[in-house]
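Breakdown of the fold
Read off the chains here:
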Amino acid sequence: MTTLRAFTCDDLFRFNNINLDPLTETYGIPFYLQYLAHWPEYFIVAEAPGGELMGYSAAVLMLCMFTVMGKAEGSVAREEWHGHVTALSVAPEFRRLGLAAKLMELLEEISEKKGGFFVDLFVRVSNQVAVNMYKQLGYSVYRTVLEYYSASSGEPDEDAYDMRKALSRDAEKKSVIPLPHPVRPEDIE
């Protein structure tokens, strides 16, 4: 049985198998520690019965080859207070078990409790598996961000979709009305 629990500093030494996926954005240890210090409720781990990490995400981090990481940010006055999924990754051997959906559900519940208007995330335009999964979870493309992801080895930078899902506080769903034009990374607040 998979166990969901709070992420700890020790988990930083146990999730390389998840971060080695080519579509997973990786960060330095100080970045993860900042999330753990500022938004611990959004850092949840899914742990397999044998103790393996399954995945993680910044917003919710799952141990057992799956984690999620996130945070709350934005302006309440401008109806932009929201949960943000910084990272969501599931180890290959634990995919197609519904772990990503469960982590996203937890992140959405936390964002609801914090009074968020929506949850957002960025995903590579080329990652159609992830784009389709997020659409199945109720997310829609809010805007395209040109050259959001830096490329390596001389490849061109890659565009991202900013995908959003309105929460109950945004009854009119104003936060998910798509922008008619793409934006650049420096245009993002």
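Residues numbered from 1 in each chain as written. Predicted model: local features only at pLDDT ≥ 70, side-chain atom pairs only at ≥ 80, totals over all residues. Heavy atoms only, no water.

All told, the structure shown has three aromatic pairs when counted by the stated rule. With a centroid separation of 4.9 Å and 85 degrees between ring planes, the pair formed by tyrosine 148 and tyrosine 149 is classed as edge-to-face. On the basis of relative accessible area, tyrosine 149 is assigned to the buried category, the value being 10%. The cationic tip of arginine 124 hangs over the ring face of tyrosine 149; the distance from NZ or CZ to the ring centre is 4.3 Å. Lying across the ring of tyrosine 142, arginine 164 places its NZ or CZ 3.6 Å from the centre. (Phe/Tyr/Trp six-rings, centres within 6.5 Å; stacked < 30°, edge-to-face > 60°. Buried < 20%, exposed > 50% of the residue type's maximum accessible area, 1.4 Å probe, protein only. Lys NZ or Arg CZ within 6 Å of the ring centre and 35° of its normal.)

Now for the side chain of aspartate 170. Looking at where aspartate 170 falls in the secondary structure, it is placed in the segment after β8 (158–166). Of the buried charged residues, aspartate 170 lacks a salt bridge, with lysine 174 as the closest side chain of opposite charge at 6.1 Å. In this structure, aspartate 170 is in contact with Phe117, Ser175 and Val176, ignoring residues within four places of it in sequence. (Helix = DSSP H or I, 4+ residues; strand = E, 2+ residues; numbered from the N terminus. Lys, Arg positive; Asp, Glu negative; His and termini not counted. Salt bridge = Lys/Arg side-chain N within 4 Å of Asp/Glu carboxyl O. Contact = heavy atoms within 4.5 Å.)

With a phi angle near 65 degrees, arginine 96 is a residue other than glycine that sits in the positive phi range. Relative to the assigned elements, arginine 96 resides in the loop between β5 (82–90) and α3 (99–113). One non-glycine residue, lysine 173, lies in positive phi territory at about 55 degrees. Mapped onto the secondary structure, lysine 173 falls in the segment after β8.

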